[in-house]
Amino acid sequence: MSKEELIVLQSDAGSKPGTQSTIAAGTAESQMPRIPEELSMLPVRGFVVFPGTVVPLNIQRAASLKLLDDTLPRTKVIGLLTQRDETKEDPTPQELYSVGTAVLVLKLIRQADDHVLVIAQGLRRFSLRKIVAALPFLRAEVDLPQSIQPPESKEWEATFRNLRDSAARLFELTPDAPEQARLMVFNIENAEQLADFLAPNLNVDVAQKQAILEELDVEKRVRAVQKQISGQLEIAEIQERLQKDVASQFSDAQRRAYLRSQIKAIQHELGEAEGGSEEQAQQLRKRLEEAKPPEAVMKQAERELKRLDFIPSASPEFSVIVSYIEIIADLPWNKLSEDNLDLDQAQQILDRDHYDLEKVKKRLIEYLAVRKLNPQGHGAILCFLGPPGVGKTSLGQSIADALGRKFVRISLGGMRDEAEIRGHRRTYIGSMPGRIIQELRRCGTRNPVFMLDEIDKIGADFRGDPASALLEVLDPRQNNTFVDRYLDVPFDLSQVIFIGTANYIDGVPEPLRDRIEVISLPGYTEREKLEIAKRYLVKRQLEENGLKPEQIEWQEEALRRIINDYTHEAGVRELERQIASVCRGIASQVARGKTEHVTVTPELVAEMLGPAKYVRETKLKTSKPGVVTGLAYTPAGGEILHIEATRYPGKGNVTLTGHIGEVMKESVQAALSLVRSRDGQLGANAEDFRKIDIHVHVPAGAVPKDGPSAGIAMFTALASLFSNKPVRPDVAMTGEITLRGLVLPIGGLKEKSLAAMRAGISTVIIPKLNEKDLVDVPEEAKQKLKFVPVENVDEVLSVALEKNGAPTASDSKAG
């Protein structure tokens, strides 16, 4: 007896199946409602209702619905008669059995589709005596026959217990049988109730169940139920014995194969064709053939496909293998974008997208020329180095446009897990390929322009070092066999053009720096920013804010006001944001209909953006001993520094303030030692160094500063302090010093020169060894600044100190 056999599906002639409960009502005779002599008859089909059971009925037929509407207001008791022929939609009285069950309607629920759900409880058997009416529904007079009870005897007691034990055993052998059904069997103490409880769920046809219902002799009824129970119990015990015998002979592998075959058989019966996984494997194989991977990769994929035949589709490993094959099939093993190596067109695209940057553009054109002459050659790995906002990323996009290749960008900033590059092994849950393979899969070609953004901001922790994983990727002689851990097969990256970007070269590990060619993109001058704003930024912001060129006109001085008073950067991002802010303000006026044309003046900029956000350091207004203008390089471009030194009575201590780093502190110590070694030349008293304290300060105090390039400025400040000779306010300087008084080269000369030009400086002292770098300084800066190359500190003092009578080191030497 299965679970389905324990819960019998039933319906009336026009209804969907309902479910007959196996729980006996157990209604006492004294509590049973009165059954009228005349009952309304509800035909049912496919099942037989027994006294003591609760059954749901799904009513659909019009006559049955009419019966409920007319009868239930008067009495909740109706009669149920089973049809002889289930196919009849409107059975006649002759097509119904003459014995049925009177039921009490417990609940009536009206459904949305005009169906009615009735919950009814079986009360007593009845037999038809006389048909009263056949339309609109059957009504008849009934008799309520009494069951014939057997005399009490040991034989009858044994018969009852045998039935109860057999039923309990059958429930025990039935898979998924409700536990409460077995308990109910032991709780029923009446043989008639037990027979009526078991009969509805016997695995027999309707005619046999009807015969049990019509049997009034309780003993015969019990024996009939016992006969059917015994037959089903025998079958169940044979099945259990066979299963035990087979299980004892099966190994684990055989059991899995058997269960797999059973699953396939069940899927076939359910209409879920067993070819689902096979069809999926065929589709994957077809996709692999279309992708045309190398032979070694194809063999690996075939091995994985064969494993699918032995793994159930519900297994987690099945989906892992399918994902692996799909990724291999999606990779562009042989898909290459056709290069457009027209150098003139490439030059036009670079000029269209970027202003100036002639040195950078020249190097990129050279790069493309080499690719044109030797397409299979291993080109250099480029790295654009420069402060934020100077166009490093957009240059990569322009290169892709010029070549006609797809552009891919991933940000490496903050990446700490080397599996992001190499991928995760498939043994881990949720494993996936590294970002390199993922992006190649998305772009669909094997030779995109691949930008690795912010390679100077890669981190490292217990999960590994992504920068070390990049060594293989960025080595042209190794990346043709790059192995992602997820794929575990080599993939050729030699046709990919890798371009890195960084703000600081010091943040790039040395082994990685050795594999890239650095192209510097220094900050823009005021003139360059002005041209970029006029050519690109204003047009873009007009379009993004819904303004037309005829509605707004920008004065050049307005743009200069934004550049000087509202931005402090080497690039143009903040400049574009401020231009966008002005455009939004004008857009709100245009949208309200207050104006149709606006001319953006410096006054309008100040009105919309508020007070100036930045006040640039300018040259000193007056000269004073111990105060020098130095030059510094920051990620936002060049800056000027006013280095201040003072002295006061003390014990020879030196105080350093201004948030300066260790290297700059060492520069101060070196400068002080150099001054003390030349005290006679500077006109200082050697005893002063033991009797006074020195304080060196570098504003602004909240900004960290470090580096050796302020060495000559520190020396000049101390020399000016002890010689009591002021430094010229129109002179700025940069350079590292040695204890021998030599001036060593520095970096960032272009940026520092631009800062000096913005501050109104007229003379810049630079190391002699940096004279070669003047070629990178913009022509505008060369015209406004006088560069004085020096080799030692004596030359610095001869230019920087004012000629007011106090001796310089060179004067002392000459004398």
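Residues numbered from 1 in each chain as written. Predicted model: local features only at pLDDT ≥ 70, side-chain atom pairs only at ≥ 80, totals over all residues. Heavy atoms only, no water.

What about the pattern of salt bridges?
Point 1. Across all of its chains, the model carries 55 salt bridges by this definition.
Point 2. Across the pair E418 and R485 runs a salt bridge whose closest N-O atoms are separated by 2.4 Å. In this pair, E418 sits in the loop between β10 (407-411) and α15 (419-422) while R485 sits in the loop between β12 (482-483) and β13 (490-491), placing the two residues 67 residues apart along the sequence.
Point 3. Exposure remark for E418: the relative accessible area of 13% places this residue in the buried category.
Point 4. A salt bridge links K772 to D773, with the shortest nitrogen-to-oxygen separation between them at 3.3 Å.
Point 5. Exposure remark for K772: the relative accessible area of 59% places this residue in the exposed category.
Point 6. Residues joined by salt bridges that share partners form a network here, namely E531, K534, R535, E556, E557 and R560. (Salt bridge = Lys/Arg side-chain N within 4 Å of Asp/Glu carboxyl O. Helix = DSSP H or I, 4+ residues; strand = E, 2+ residues; numbered from the N terminus. Buried < 20%, exposed > 50% of the residue type's maximum accessible area, 1.4 Å probe, protein only.)

Notes on helix α29 (residues 793-800)
Point 1. Burial runs high along α29: 6 of the 8 residues are buried.
Point 2. Looking only at α29, the buried set comprises V793, D794, V796, L797, V799 and A800.
Point 3. Looking at where α29 begins, the residue whose side-chain oxygen comes 3.1 Å from the main-chain nitrogen of D794 is N792. (Polar contact = N/O pair within 3.5 Å; in protein donor to acceptor, adjacent residues only side chain to side chain.)

A short note on the environment of L123
Point 1. You can see L123 is positioned in strand β7 (residues 116-133).
Point 2. The spatial distance from the C-alpha of L123 to the C-alpha of R61 is 24 Å, given a sequence separation of 62 residues.

Overview of the side chain of E576
Point 1. Structurally, the position occupied by E576 is in helix α21 (residues 573-591).
Point 2. Residue E576 is classed as buried on the basis of its relative accessible area, which comes to 16%.
Point 3. A distance of 2.8 Å separates the side chain of E576 from the side chain of R540, its partner in a polar contact.
Point 4. With near-sequence residues (within four places) excluded, E576 lies in contact with L537, R540 and Q541. (Contact = heavy atoms within 4.5 Å.)

Overview of the packing of helix α19 (residues 526-544) against α21
Point 1. Where α19 meets α21, the axes come as close as 10 Å, and the angle between the chain directions of the two elements is 45 degrees. In terms of orientation, α19 lies oblique with respect to α21. The way α19 lies across α21 gives a crossing that is right-handed. Mapping the contact onto sequence places K529, A533, L537, V538, R540, Q541 and L542 in α19 and L575, E576, I579, A580 and C583 in α21. (Axes fitted to C-alpha atoms, helices over the stretch in contact; angles between N-to-C directions. Parallel < 35°, antiparallel > 145°, perpendicular 65-115°, else oblique. Left-handed = near helix turned anticlockwise from the far one by under 90°.)

A look at the environment of I563
Point 1. By secondary structure assignment, the location of I563 is in helix α20 (residues 556-565).
Point 2. Once the C-alpha coordinates of I563 and Q578 are considered, the two residues, 15 residues apart in sequence, prove to be 9.1 Å apart.

Here we look at unusual backbone geometry
Point 1. Cis geometry is adopted by the peptide bond preceding P136, which originates at L135 and carries an omega value of -5 degrees.
Point 2. Residue E454 is not a glycine yet carries a positive backbone phi of 60 degrees.
Point 3. Position of E454 relative to the elements: it lies in the loop between β11 (449-453) and α17 (466-473).
Point 4. Even without being a glycine, N724 presents a positive backbone phi close to 55 degrees.

Topic: the packing of α20 against α21
Point 1. In the contact formed by α20 and α21, the axes pass within 10 Å of each other and the chain directions differ by 130 degrees. Viewed along their axes, α20 and α21 adopt a mutual orientation that is oblique. The two elements α20 and α21 cross, and the hand of that crossing is right-handed. Counting all contacts with α20, which are made through L559, I562 and I563, the residues of α21 involved are L575, Q578, I579 and V582.
Point 2. Here the contact of α20 with α21 is composed, by residue class, of 6 nonpolar, 1 polar and no charged. (Nonpolar A, V, L, I, M, F, W, Y, C, P; charged D, E, K, R; others polar.)

Re the side chain of S720
Point 1. Looking at where S720 falls in the secondary structure, it is placed in helix α26 (residues 711-723).
Point 2. Given a relative accessible area of 0%, S720 falls into the buried group.
Point 3. In terms of polar contacts, S720 uses its side chain to reach the backbone amide nitrogen of G626, at 2.9 Å.
Point 4. Once residues within four sequence positions are removed from consideration, S720 is found in contact with K624, P625, G626, K725, P726, V727 and L801.

Structural notes on the sheet that holds strand β9 (residues 382-385)
Point 1. Strand order in the open sheet formed by 5 strands is β10-β11-β14-β9-β15, with parallel pairing between adjacent strands. The sheet is open, and its two borders are formed by β10 and β15 (517-520), each paired with just one other strand. Taken pair by pair, the neighbouring strands of this sheet meet at an average axis angle of 25 degrees, ignoring direction.
Point 2. Where β11 and strand β14 (residues 497-502) come together, 4 bridges link them in parallel fashion. Each residue of the ladder has a partner; that of V449, found in β14, is I497.
Point 3. Helix-sheet contacts for helix α14 (residues 392-403) involve β9, β10, β11 and β14, and the interaxial angle to β11 is about 175 degrees. (Pairing = 2+ DSSP bridges.)

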